[in-house]
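# Structural characterization, general
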Amino acid sequence: MEYEAVIGLETHVQLRTRTKMWCGCANEYGAEANSNVCPVCLGLPGVLPVPNAEALRKTALTGMLLNCDVPGFSKWDRKNYFYPDNPKNYQLTQLDFPSTIEGFVDFEFGEGTERVRINRAHLEEDVGKSTHFADHSGVDFNRAGVPLLEIVTEPDLTGADMAYEYLNALKAILEYGGVSDCDMEKGQVRCDVNISVRPIGQTELGEKIEIKNMNSFSGVRRAAGYEIERQIGVLREGGTLVQETRRWDDAVGITESMRTKEDAHDYRYFPDPDLMPHTPSEEWLAEVRASVMELPLARKRRLMADFQLPASDAEVFVGDAALGDYFEVAAKDAKNPKAVANWVMNNLQAKLVETGGSVADVKFEASAIGELVGLIEGGQINSKIAQDVFVEMFESGKSPAAIIEEKGLSQVSDSGELEAFCNEAIEANPGPAEDFRNGKETALNFLKGQVMKASRGKANPQMVGDLLKKILGS
Amino acid sequence: MPHTLTISQLTDKLTQGELTSRDATQSCLDRIAAVDGQLNAFLSHDPADALAQADAADAARAAGETKPLLGVPIAMKDVIAVNGHPLNCASKILGDFNSPYDATVTQKLRDAGAVVFGRVNMDEFAMGSSTENSAFGPARNPWDTDCIPGGSSGGSAVAVAADECIASLGSDTGGSIRQPAALCGCVGLKPTYGRVSRYGLVAFASSLDQIGPITKDVRDAATLLGVIAGEDKRDSTNVPEPVPDYTAALTGDIKGLKIGLPKEYQVEGLDPEVKTATESAVAELEKQGAEVVEISLPHTEYAIATYYIIATAEASANLARFEGVRYGARVDGASPEQMNRATRGAGFGEEVKRRIILGTHVLSSGYYDAYYLRAQKVRTLIRQDFLNAFEQVDLIASPTTPTPAFKIGEKSDDPLQMYLSDIFTISCNLAGLCGISVPCGFSNDGLPIGLQLLGQPFGEPDLLRAAHAYEQATDWHTKRPNFN
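Keep in mind that what you see is a predicted model, and the values were worked out from it rather than measured. (Residues numbered from 1 in each chain as written. Chains lettered and ligands numbered in written order. Predicted model: local features only at pLDDT ≥ 70, side-chain atom pairs only at ≥ 80, totals over all residues.)

For the rest of this paragraph, the subject is the overall build of chain B. The number of helices and strands found in chain B is 15 helices and 11 strands. Against the 2.2 N^0.38 benchmark of 23 Å for 484 residues, chain B shows a C-alpha radius of gyration of 21 Å, consistent with a compact globule. Counting only C-alpha atoms, chain B reaches 65 × 55 × 45 Å along its principal axes. By the burial criterion, 61% of the 484 residues in chain B qualify as buried. Look at the contacts in chain B between residues 6 or more apart in sequence, and 76% of them connect residues 24 or more apart. (Helix = DSSP H or I, 4+ residues; strand = E, 2+ residues; numbered from the N terminus. Rg over C-alpha atoms; globule rule 2.2 N^0.38 Å. Buried ≥ 20, exposed ≤ 12 C-beta atoms within 10 Å, placed from the backbone. Contact = placed C-beta atoms within 7 Å.)

This is the structure we're talking about:
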């Protein structure tokens, strides 16, 4: 019997906000332990939460980016459980009326595009972080109360690689939207993976096994791959699977049982009486909607269609949105957008790395790159001179035409003038000239180099080659 | 004897320079030293801090400042946060915890110039009707020290009734201001839900709790409410309704005011003396031109059950934070779970544990729909009862409590009987109304009896006007316990 896997993901993403979800403490990673805390996020007696408007806005924006509905009513619930990192011993979350519902993410997988449905993206609060020492434990509450978005898919994923690609696509969307930095190193993204297997052709789902608290996408891929094999193995050997929660041991590369359904928590959810429901107005929703930007996959496709870029170039511009925006301005009226792309990705990028600047710091107009490419294409300068012109553009911000004019760098395409250079070179280097005549093709390059040198690089290399051949062949 | 004065009397004397805030504060401190050993109204107080505030108030007055409570000593229920002072909620579990911040009401009192002093006794975490549930011993009723003072704001009422302060703040979740005020012969006002910020009030039941004043007369209640009411961005359930001048509502004129008497409040167990006293009070209101009609609140019989489901459910979560990890008393254990169990087992009293268990149960998987969800639906019906009634009447009158104060220990083994003593006060919180208790007589044993008036949401001006008009025609509020 053949089996197939069914996977659903719950991805927790820290929102990028200035302050925490319910108080004015900084939402900042890496500060000294318990320095970004106040009575509210420490759960001191008597405090009350006040929702962070920026977090609400970014949640709605995320919903829109994930093609979700943003209902006119959402509310907060208390999820009750005791843990030392949980200051109130209940976590504020959204149980039955989440901020956003029912969307989807399209992403590239293999040769085609896949769609995973999003059940919901709801807002909750992060908890503190426990550290265990030799004889005691400590809790850092800097993270407690940081806004956390939980993005829940439908069980639409069918394999470990597909889950991995979905996560990458999700991360790209969230980064694009400025919703989260998605920095895995800082624990800003954590995943719970729900996996079951079933015989192909069976419609009902198998027993769901949850792998909790994965903190890397590659870990998710490995754990899911392992778990699918394990579950199929159990079934093939005639065993049965029970609904349970498992832990991924990354070092050993296996999953281990944490708890079964029987000892699952009863979280005793109920509506939080300290917070009013969130009922966004039409105006507010319209304002958020106005900030919706093009998604990475859509942009990639558009760059490929509008500028005839290969997928790899388009991906570079999608991956670095600011560079992509710059490219689009530079290539707007360019006849050869691919050449513009090369200049942006290679020369400009190299200069920016060298100077540690960003595209915002570039002194010349983006359109100047298109102009430079036009000058090369039109034969006004050769590509070597163009390199020098570019360096000058980067330093002074002057237009390429102005630099060429100023420095007299215009390419020499006058055949009379070029012929003189060629004859000089042949006369000065009889050996190589003879070699060429005797069929040694590479000797021509040497002579060409001499002509370029004599013309201080301004000679049109194509014409020089043709002229040399003509003189030596006659 | 400045400690016997009302806010308005003291303010007059301070303004006229007959007294200083230091005189008044010292007078209260002396009174506490003299009588509180027998009453146990104060869990703690800091005389040096109180006098420093009094001196600051006197200096401010000398510099020409005028503020509504400048130099007036106000005592605080031990459930309201005051920066740098203990916040125990009359429980052992908070250990030596001092609040590192001020509640919004504390800040508002300070802004109004008050001398904020003392931590007054209460039922642990405001759970109770007698102040017997205090981990620091019961407070005693100054009218008969063998009797309970009511609760949960028992200490707030005792401190006012025994003139240990000029006025106090309490909190009311199901009657916890009105009931002790009635049993101690004071005025107690529970504002409309959302009228006063709850920031800094340690939550018992978040959807029911409100802070309010306990005072020596209705005018003081109006003054104090005017200070503590108002918008607070730190409390999302606070309603940004403008705060009127409540003392301006005290016109003495209640002609045409319509007062409803709920027929469902003719309950078994209503003490005949209480019945007579409140009927006379209603007759007095009628005499002054109010129109009295019978009304119906059909869901009254479900109020106590509804209350004990919703309040305990919220409390079970609200009190989860007390486990010794970050603050308060801690009993060590081999694991976090064992530490929780040991700390909470040792730190909470009987009644608090009973309510946490009840609240945990009603939220449990499989019981939620039958208890919590149904209680929320009934709560909506109870609120609707009142809103319907307020289509016909301006105020609703009833006894505040079914009986005068009972003896300490009399009901402590019978929690259900104790819960029934809140029968007239509890619906007001479920429906989000405002309510007041004013003295309206004494039992043959010399124990005070209170008249309760209920008003519609944000109907405090009418409520205060009627209570004040009644008070003007009677002298119950001027009586003081013969206690020394």
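Further notes follow.
Every contact between the two is made by 23 residues of chain A and, on the other side, 33 residues of chain B. Per-class residue counts for the side of chain A that touches chain B are 14 nonpolar, 4 polar and 5 charged. (Nonpolar A, V, L, I, M, F, W, Y, C, P; charged D, E, K, R; others polar.)

As a further point, take unusual backbone geometry. The omega torsion of the bond from Gly151(B) to Ser152(B) falls at 5°, within 30 degrees of zero and hence cis. By secondary structure assignment, the location of Ser152(B) is in the loop between strand E3 (115-120) and helix H5 (154-161). For Glu102(A), which is not a glycine, the phi torsion comes out positive at approximately 55°. On the secondary structure map, Glu102(A) appears in strand E4 (residues 100-109).

Here we come to the packing of helix H12 (residues 415-428) of chain A against helix H15 (residues 461-473) of chain A. All names here are of chain A. Two elements in contact, H12 and H15, have axes whose closest approach is 10 Å; the angle formed by their N-to-C orientations is 60°. Viewed along their axes, H12 and H15 adopt a mutual orientation that is oblique. Crossing geometry of H12 relative to H15 is assigned as right-handed. Of the residues in H15, those in contact with Ser 415, Leu 418, Glu 419, Cys 422, Asn 423 and Ile 426 of H12 are Met 463, Val 464, Leu 467, Leu 468, Ile 471 and Leu 472. In terms of residue class, the contact of H12 with H15 is made up of 9 nonpolar, 2 polar and 1 charged. (Axes fitted to C-alpha atoms, helices over the stretch in contact; angles between N-to-C directions. Parallel < 35°, antiparallel > 145°, perpendicular 65-115°, else oblique. Left-handed = near helix turned anticlockwise from the far one by under 90°.)

All names here are of chain A. In space, the 8 strands of this open sheet follow the order E4-E5-E8-E1-E9-E10-E11-E12, with mixed pairing throughout. Looking along the sheet, the strands with just one partner apiece sit at the ends: E4 and strand E12 (254-260). Each strand of the sheet is rotated relative to its neighbour by a mean of 30°, with strand direction disregarded. Pairing geometry for strand E1 (residues 3-14) and strand E9 (residues 189-199), over 11 bridges, is antiparallel. Note that in E9 the partner of Val 13 across the bridge is Val 189. Helix H2 (residues 160-176) contacts E1, E4, strand E5 (112-125), strand E8 (147-153) and E9 of the sheet and is inclined by roughly 115° relative to E4. (Pairing = 2+ DSSP bridges.)

Before going further, it helps to examine the environment of Phe73(A). All names here are of chain A. As for its position among the elements, Phe 73 is in the loop between helix H1 (53-65) and strand E2 (77-80). Once the C-alpha coordinates of Phe 73 and Pro 280 are considered, the two residues, 207 residues apart in sequence, prove to be 7.2 Å apart. Aside from chain neighbours lying at most four places away, what touches Phe 73 is Phe 97, Pro 277 and Thr 279.

In this structure, Ala163(A), Tyr166(A), Val193(A), Val220(A), Ile74(B) and Ile80(B) are the most contacted members of the largest nonpolar core, which totals 225 residues. Sorting elements by how many residues they give to this core places H2(A) first, with 11 residues. Each residue touching Ile74(B), except ones within four places of it in the same chain, is listed here: Leu69(B), Leu109(B), Ala114(B), Val115(B), Val116(B), Cys165(B), Ile166(B), Ala167(B), Ser168(B) and Leu169(B). With 31 residues, the next largest nonpolar core counts Phe307(A), Val318(A), Ile385(A) and Phe390(A) among its residues. (Core = buried A, V, L, I, M, F, W, Y, C linked by C-beta atoms within 7 Å.)

This part is about the pairing of strand E5 (residues 187-190) of chain B. Residues and elements named next belong to chain B. The alternating pattern of E5 places Val 187 and Leu 189 on one face and Gly 188 and Lys 190 on the opposite face, and all of these are buried. Bridging between E5 and strand E6 (residues 210-215) involves 2 bridges; their strand directions are antiparallel. Note on E6: the bridge partner recorded for Gly 188 is Ile 214.

The next point concerns the packing of helix H8 (residues 272-287) of chain B against helix H15 (residues 460-473) of chain B. Residues and elements named next belong to chain B. As a packed pair, H8 and H15 sit with axes 10 Å apart at the nearest point and diverge in direction by 100°. Of the possible angle classes, the one that applies to H8 and H15 is roughly perpendicular. Residue-level inspection shows Ala 281, Glu 284 and Leu 285 of H8 in contact with H15, the latter providing Ala 466, Tyr 470 and Ala 473. Within the contact of H8 with H15, the residues separate by chemical class into 5 nonpolar, no polar and 1 charged.

Moving on to the pairing of E8(A). Residue and element names in this part refer to chain A. Buried residues dominate E8, accounting for 5 of its 7 residues. Bridge count for E1 against E8 is 5 bridges, and the pairing is antiparallel. Note that in E8 the partner of His 12 across the bridge is Glu 150. Summarising the sheet, E5 and E8 pair through 7 bridges and their orientation is antiparallel. Note that in E8 the partner of Ala 121 across the bridge is Ile 151.

All names here are of chain B. Residue position: Pro 2 is located in the segment before helix H1 (7-15). For Pro 2, a count of 24 C-beta atoms within 10 Å corresponds to the buried category. Counting along the chain gives 164 residues from Pro 2 to Ile 166, while the straight-line C-alpha distance between them is 8.7 Å. Discounting chain neighbours no more than four positions away, the residues touching Pro 2 are Leu 10, Leu 19, Asp 23, Ala 24 and Ser 27.

The next subject is the sheet that holds strand E9 (residues 395-399) of chain B. All names here are of chain B. If you trace the 11 strands from one edge of the open sheet to the other, you get E1-E3-E2-E4-E6-E5-E10-E11-E9-E7-E8, paired in mixed fashion. Strands with a single pairing partner mark the edges of an open sheet, and in this sheet they are strand E1 (42-44) and strand E8 (291-295). Pairwise comparison of adjacent strand axes, ignoring direction, gives a mean angle of 35° for this sheet. The pairing of E9 with strand E11 (residues 448-455) spans 5 bridges and is classified as antiparallel. By the bridge assignment for E11, Pro 399 is matched with Leu 451. Along the sheet, H5 contacts E1, strand E2 (73-77), E3, strand E4 (167-172), E5 and E6; its crossing angle with E4, the most-contacted strand, is approximately 155°.

By themselves, these are just geometric observations and shouldn't be taken as functional.
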